[in-house]
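The residues making up each chain are set out below.
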Amino acid sequence: MNMLIAGIAIFYGMHLVPLTPLKNSLQNGLGKLPYMGLFSLVSALGLGLMIYGKGAADFVPLWEPMSGAHWVPMVLMLPALILIFWSYLPCSMKTRLGHPMLQGIALFSIAHLFANGDLASVLLIGSFGLYSVVTIIRLSRNSDNTTAKVMSKTPGWNALGIVMGILAYALVAVYHQQITGMPIPH
């Protein structure tokens, strides 16, 4: 459990750096690209510790998932994946939705908390959900709607995000056990 907690602290600690004056100090001292490299490296280290720590953690039940709760992620993961893909595409959904990556991660977290009631899962999945929701709120309060980026209005980009989300959903459904070590209950 200690590795999981250390990973959470490192990952989210690094993600808080851009909100502090430390970001400017690091960028000025290292340069923008080395700072981005350091940010990515430390974040990847934290994420790796989170994943390894989750796998190595003892199973400590907090609650028994409701009967049939395994259907919640099966339903919510398709829109979550579509939202995540939209965040990478120059589509109009970014402008309409504001933060599709954060919304997708929040939806992913909510979905998986229905099906997982152990401490390690709650720490891992819940930390992503909490960070996403808090960041959406923070960004919404700080947003200047008059300077919103105008994204492509081409419906093709929106459709591509849907197709990519469906393909990713199908791949995850087939390979969930190989990816996570957990089978999808039927």
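What counts, and at which threshold
Residues numbered from 1 in each chain as written. Predicted model: local features only at pLDDT ≥ 70, side-chain atom pairs only at ≥ 80, totals over all residues. Heavy atoms only, no water. Core = buried A, V, L, I, M, F, W, Y, C linked by side-chain atoms within 4.5 Å. Buried < 20%, exposed > 50% of the residue type's maximum accessible area, 1.4 Å probe, protein only. Helix = DSSP H or I, 4+ residues; strand = E, 2+ residues; numbered from the N terminus. Contact = heavy atoms within 4.5 Å. Phe/Tyr/Trp six-rings, centres within 6.5 Å; stacked < 30°, edge-to-face > 60°. Expected span 1.5 Å × (residues − 1).

Engineer: Residues and numbers for the nonpolar core, please.
Structural biologist: Counting residues in hydrophobic clusters, the biggest one holds nine residues: Leu-4, Ile-8, Phe-11, Tyr-12, Met-50, Ala-57, Ala-120, Leu-124 and Phe-128. Secondary-structure elements contributing two or more residues to this core are helix 1 (2–16) and helix 7 (119–142). Take this core: its biggest share by element is four residues, from helix 1. If we ignore the near neighbours within four places in the chain, the residues touching Phe-128 are Phe-11, Tyr-12, Leu-47, Met-50, Ile-105 and Ser-109. Membership of the second largest hydrophobic core comes to six residues, among which are Trp-86, Leu-89, Cys-91 and Met-93.

Engineer: Quick rundown of the packing of aromatic side chains? Include the residues and the values.
Structural biologist: In this description, a pair of aromatic rings is defined by centroid distance and the angle of the planes. Under the counting rule described, the total for this entry stands at five aromatic pairs. Measuring from ring centre to ring centre gives 5.0 Å for Phe-11 and Tyr-12, while their planes differ by 85°; the resulting arrangement is edge-to-face. Accessibility classification places Phe-11 together with Tyr-12 in one group, the buried group. Ring pairs connect the aromatic residues Phe-11, Tyr-12, Phe-128 and Tyr-131, which therefore count as one cluster.

Engineer: Talk me through helix 4 (residues 71–88); I want residue IDs and the actual numbers.
Structural biologist: With 18 residues, helix 4 extends 27 Å between its outermost C-alpha atoms, agreeing within 8% with the 26 Å of an ideal straight helix rising 1.5 Å per residue. Taken together, the buried positions of helix 4 are occupied by Pro-73, Met-77, Ala-80, Leu-81, Ile-82, Leu-83, Trp-86 and Ser-87. The inward-facing, buried residues of helix 4 abut helix 5 (92–97), helix 6 (100–115) and helix 8 (155–180).

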